[in-house]
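Fold and contact review
This is what each chain is made of:
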Amino acid sequence: YRNTLSLVAGNNIDFVNCNVWGGGFIHGGTNPRYSLDIEPTSGLIDNHARNIKFTNCNFARAINAVVGGTWGEAIFENCTIDASYKHPNITQIGYPWAFTLSSLGDWKLNNCKIVGNATEKSTICTHYNAYDLISDFAENGWLKIHNTEFEYCGFNGNGRRLEVRNVTMKNSLRPFAL
């Protein structure tokens, strides 16, 4: 199966004390094989996933990335994104990625814990630059990381707008690069 949880549209949705695990594990899955994928069916403004909040949730055990998102708006509060488990069929170093969030969205991680693979110490987290002409995030997307700890993973910030406050980065061979 593709993803554990796919948010393809919606507004004002709260997830509290949820466990979202196993993206792409069943029958080998099809890409993107994330535990959480926030990806509306198009970038049209009416289709965005808006005002989504995850509180005290755990995301883990995916093939390609634990959390991914584009064309959306989500807050992760007191959540754990755990990319420490590597599926036996995956040999690439750095996989699964902990998160991959596009600049076509507003994302906030507050008081979260991002955990990579302790053996490799090279788990990938990324905020990547993306372009479109039809979404209201085209020039205004953000990633805000506040009071969050990264362990055994690095971060690559290529998105347009990034805010980092009170963040701990430790035990990683991959850099925290902006």
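Everything quoted here is computed from the prediction, not taken from an experiment.

1. Looking at the side chain of R33
Following the sequence through the fold, R33 ends up in the loop between strand 3 (19-23) and strand 4 (34-38). This buried residue, R33, is left without a salt bridge; D37 holds the nearest opposite charge, at 11 Å.

2. Re the environment of G68
Positionally, G68 belongs in strand 7 (residues 65-69). Overall, the relative accessible area of 1% leaves G68 in the buried class. With 53 residues separating them along the chain, G68 and F15 place their C-alpha atoms 16 Å apart. Ignoring any residue separated from it by four or fewer positions in sequence, one finds G68 in contact with Y34, L36, D37, I38, T100 and L101.

3. Focus: the sheet that holds strand 16 (residues 153-157)
If you walk across this open sheet you meet the 7 strands as 1-4-7-10-13-16-19, and the pairing is parallel. The open sheet is flanked by strand 1 (5-7) and strand 19 (176-177), the only strands paired with a single partner. In the sheet, strand 13 (residues 123-128) pairs with strand 16 via 5 bridges, with the strands oriented parallel. Within the sheet, the bridge partner assigned to C125 lies in strand 16 and is F155.

4. Points about the pattern of salt bridges
Inspection of the entire model under this criterion finds 5 salt bridges. Here E149 and K113 are joined by a salt bridge, their closest N and O atoms 3.9 Å apart. With E149 in strand 15 (residues 149-151) and K113 in strand 12 (residues 113-115), this pair connects stretches of sequence that are 36 residues apart. What makes E149 partly exposed here is its relative accessible area of 22%. For K170, the salt bridge is made with E149, and the minimal N-O distance between the two is 3.6 Å. Here the residue K170 occupies a position in strand 18 (residues 168-170), and E149 occupies one in strand 15, the gap between them amounting to 21 residues. One network of salt bridges, in which partners are shared, links K113, E149 and K170.

5. As for the nonpolar core
In this structure, F54, F59, F76, F99 and I114 are the most contacted members of the largest nonpolar core, which totals 33 residues. When near neighbours in sequence (up to four residues on either side) are disregarded, F54 contacts L5, L7, F15, L36, I38, F59, A74, I75, F76, E77 and C79.

6. Points about the side chain of K86
Positionally, K86 belongs in the loop between strand 9 (80-82) and strand 10 (97-102). A distance of 2.4 Å separates the side chain of K86 from the backbone oxygen of Q92, its partner in a polar contact. Separated by 3.0 Å, the side chain of K86 and the backbone oxygen of Y95 make a polar contact. Non-local contacts of K86, meaning those with residues more than four positions away in its chain, are made with T91, Q92, I93, G94, Y95, P96, N117 and E120.

7. A few points about the sheet that holds strand 2 (residues 10-16)
Within the open sheet, the 6 strands sit side by side as 2-5-8-11-14-17. Their pairing is parallel. Looking at the sheet topology across the chains shown, the edges are occupied by strand 2 and strand 17 (162-165). Each strand of the sheet is rotated relative to its neighbour by a mean of 5 degrees, with strand direction disregarded. With 6 bridges joining them, strand 8 (residues 72-77) and strand 11 (residues 105-110) adopt parallel strand pairing. Looking across to strand 11, one finds that G72 is bridged to G105.

The rules behind the values
- Residues numbered from 1 in each chain as written.
- Predicted model: local features only at pLDDT ≥ 70, side-chain atom pairs only at ≥ 80, totals over all residues.
- Heavy atoms only, no water.
- Helix = DSSP H or I, 4+ residues; strand = E, 2+ residues; numbered from the N terminus.
- Buried < 20%, exposed > 50% of the residue type's maximum accessible area, 1.4 Å probe, protein only.
- Lys, Arg positive; Asp, Glu negative; His and termini not counted.
- Salt bridge = Lys/Arg side-chain N within 4 Å of Asp/Glu carboxyl O.
- Contact = heavy atoms within 4.5 Å.
- Pairing = 2+ DSSP bridges.
- Core = buried A, V, L, I, M, F, W, Y, C linked by side-chain atoms within 4.5 Å.
- Polar contact = N/O pair within 3.5 Å; in protein donor to acceptor, adjacent residues only side chain to side chain.
- Axes fitted to C-alpha atoms, helices over the stretch in contact; angles between N-to-C directions.

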